[in-house]
Amino acid sequence: MIMALWIDPAGNLQHDQAQNLVVTCPHCQAVAHITPTAVPRFADLQAHKPKQVGIVYLCDACHAPIFLRFMVRIYGATRIELSSQFTEVERAREKFAFTYVPEQVELMFKEALVCFSAGAFNAFTSMCRRTAQAAFDELGASGKLRLFDELNHLRQLAALTPETFLKLKSILFGAETDPRPGLPLLDSYDAGVVLEVVKELLYEAFVRKGKLKQAMSVRRYFLDETATNIEPLVRSGTSDEI
Ligand SMILES: [Zn+2]
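These remarks concern the structure in this document. Computed from a predicted structure; not experimentally measured.

Our focus in this paragraph is the packing of helix 3 (residues 121-157) against helix 4 (residues 162-173). At their nearest, the axes of helix 3 and helix 4 sit 8 Å apart, and the two run at 130 degrees to each other. Taken as axis vectors, helix 3 and helix 4 run oblique relative to one another. In this structure, helix 3 uses Thr125, Cys128, Arg129, Ala132, Phe136, Lys144, Leu147, Phe148, Leu151, Asn152 and Arg155 to contact helix 4, whose residues at the interface are Pro162, Phe165, Leu168, Lys169, Ser170, Ile171, Leu172 and Phe173. For the contact of helix 3 with helix 4, the residue count by class is 12 nonpolar, 3 polar and 4 charged.

Structure follows, in C-alpha cells:
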C-alpha cells in the first residue's frame, strides 16, 4: 500500500497513515507517535518549488519538537505530494552512563557514540579502537588480558559469528602496526554489534567495580550510623520507659 501524504492549499498536512507515524524521539528516547505542528505555507512552496520540505512535529511523549525532511513527489495545483520516506534531521543519540569510567576513556567513547549516532560507522570504528587503547592504559597488561577473556565470553553469550568476532578482535585488540587493511569496514549491523560489545566491556572493566565499591561503602556507612544510634539509647534508656 502506498501511503498518501500531501499539503493542501490551506496549509494542512493530509496523511492517511498519520496515526501510525512513530519515531524514536531524540529528546526523550521514547518510541513515540508524533503530531505535525508546523507545516510550510502552500503558496510559499508553490512559488519556490523546493525539492525537499521540512515539517516540525511534536513528540507526543515529551512535546519536544522533531524535524523531519521529505522529498516532494509532485507539485499539483491543489496538493503538494510528499514522499512517504523521510529523513530524521536529529537522530536519537546513543547513550552510556559514564559514572566510574576514567576521563580519557569517556572522552574517546563519547566521540564514538557521536559517530555512531551520525551513521559514520568507520569513524566509529576508529574511535572504538582509541577507546580500547585508553582503557588498556588504565587497566594495564593484566586488565587487557581480562578484557580479552571477557570478549571471548561475550562471543559465546551473544553467539557471535566467527567473522564478527574477528572484526571485534581486530578493532579492539589490533594495533596501528598490523598489516593493512588494519581496521575492518563496518556496515550498520556490524557497528551495532560492536557498540553493544564495547558497552559491555566498559561496564565490566569500570562500572561494575565502581558500583560495587559504592554499594559496599554505603553499607558500611549505614552500619556505622546504626552503631552510633544504638549507643546513646543503651546508655540513657531506663527499663520502665519505652
Ligand atoms: Zn520525546
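Next comes the rest of the description.
Let us look at a nonpolar patch on the surface. Where nonpolar side chains cluster on the molecular surface, the patch consists of Val218, Tyr221 and Phe222 and spans about 310 Å² of accessible area. Looking at where Phe222 falls in the secondary structure, it is placed in helix 5 (residues 188-236).

As a further point, take helix 2 (residues 103-117). Helix length check: helix 2 (15 residues) gives 21 Å between terminal C-alpha atoms against 21 Å at 1.5 Å per residue, within 8%. Of the residues trailing helix 2, Gly119 is marked for its positive phi of about 75 degrees.

On to the packing of aromatic side chains, then. Within the structure shown, the criterion is met by 9 aromatic pairs. Each ring, one from Phe70 and one from Phe86, has its centre 5.7 Å from the other, and the planes form 55 degrees; the classification is tilted. Within this pair, whereas Phe70 is found in strand 6 (residues 65-75), its partner Phe86 is found in strand 7 (residues 80-88), the two being separated by 16 residues in sequence. Exposure remark for Phe86: the relative accessible area of 27% places this residue in the partly exposed category.

Every protein donor of the zinc ion is listed here as Cys25 (SG), Cys28 (SG), Cys59 (SG) and Cys62 (SG), and their distances to the metal cover 2.3 to 2.4 Å. Classification of the site at the zinc ion as tetrahedral follows from its 4 donor atoms and the range of 105 to 113 degrees in their angles at the metal. The motif formed by the donor residues of the zinc ion, counted along the single chain, is C-x2-C-x30-C-x2-C. Of this pair, Cys25 sits in the loop between strand 3 (22-24) and strand 4 (31-38) while Cys59 sits in strand 5 (residues 52-59), and the two are 34 residues apart along the sequence.

It is worth spelling out the sheet that holds strand 7 at this point. With respect to topology, 7 strands assemble into an open sheet ordered 2-1-7-6-5-4-3, the strand pairing being antiparallel. The strands lining the two open edges of the sheet, one partner per strand, are strand 2 (13-15) and strand 3. Pairwise comparison of adjacent strand axes, ignoring direction, gives a mean angle of 50 degrees for this sheet.

Side chains on a regular strand alternate between the two faces of the sheet. Summarising the sheet, strand 3 and strand 4 pair through 3 bridges and their orientation is antiparallel. If you follow Val23 over to strand 4, its bridge partner there is Ala32. Counting the residues that bridge the hairpin from strand 3 to strand 4 gives 6 residues, and of these Gln29 lies at a positive phi of roughly 70 degrees. One ladder, built from 4 bridges, connects strand 4 with strand 5; its direction is antiparallel. Note on strand 5: the bridge partner recorded for Thr35 is Leu58.

Parameters and conventions
- Residues numbered from 1 in each chain as written.
- Predicted model: local features only at pLDDT ≥ 70, side-chain atom pairs only at ≥ 80, totals over all residues.
- Heavy atoms only, no water.
- Axes fitted to C-alpha atoms, helices over the stretch in contact; angles between N-to-C directions.
- Helix = DSSP H or I, 4+ residues; strand = E, 2+ residues; numbered from the N terminus.
- Parallel < 35°, antiparallel > 145°, perpendicular 65-115°, else oblique.
- Contact = heavy atoms within 4.5 Å.
- Nonpolar A, V, L, I, M, F, W, Y, C, P; charged D, E, K, R; others polar.
- Patch = residues over 30% accessible without salt bridge, like charges linked within 9 Å, V, L, I, M, F, W, Y side chains within 5 Å.
- Areas by Shrake-Rupley, 256 points an atom, 1.4 Å probe, with all protein chains shown as cover.
- Salt bridge = Lys/Arg side-chain N within 4 Å of Asp/Glu carboxyl O.
- Expected span 1.5 Å × (residues − 1).
- Phe/Tyr/Trp six-rings, centres within 6.5 Å; stacked < 30°, edge-to-face > 60°.
- Buried < 20%, exposed > 50% of the residue type's maximum accessible area, 1.4 Å probe, protein only.
- Donors = N, O, S within 2.8 Å, 3.2 Å for Na, K, Ca; no water.
- Tetrahedral: all angles 85-135°; square planar, octahedral: opposite > 155°, others 65-115°.
- Pairing = 2+ DSSP bridges.

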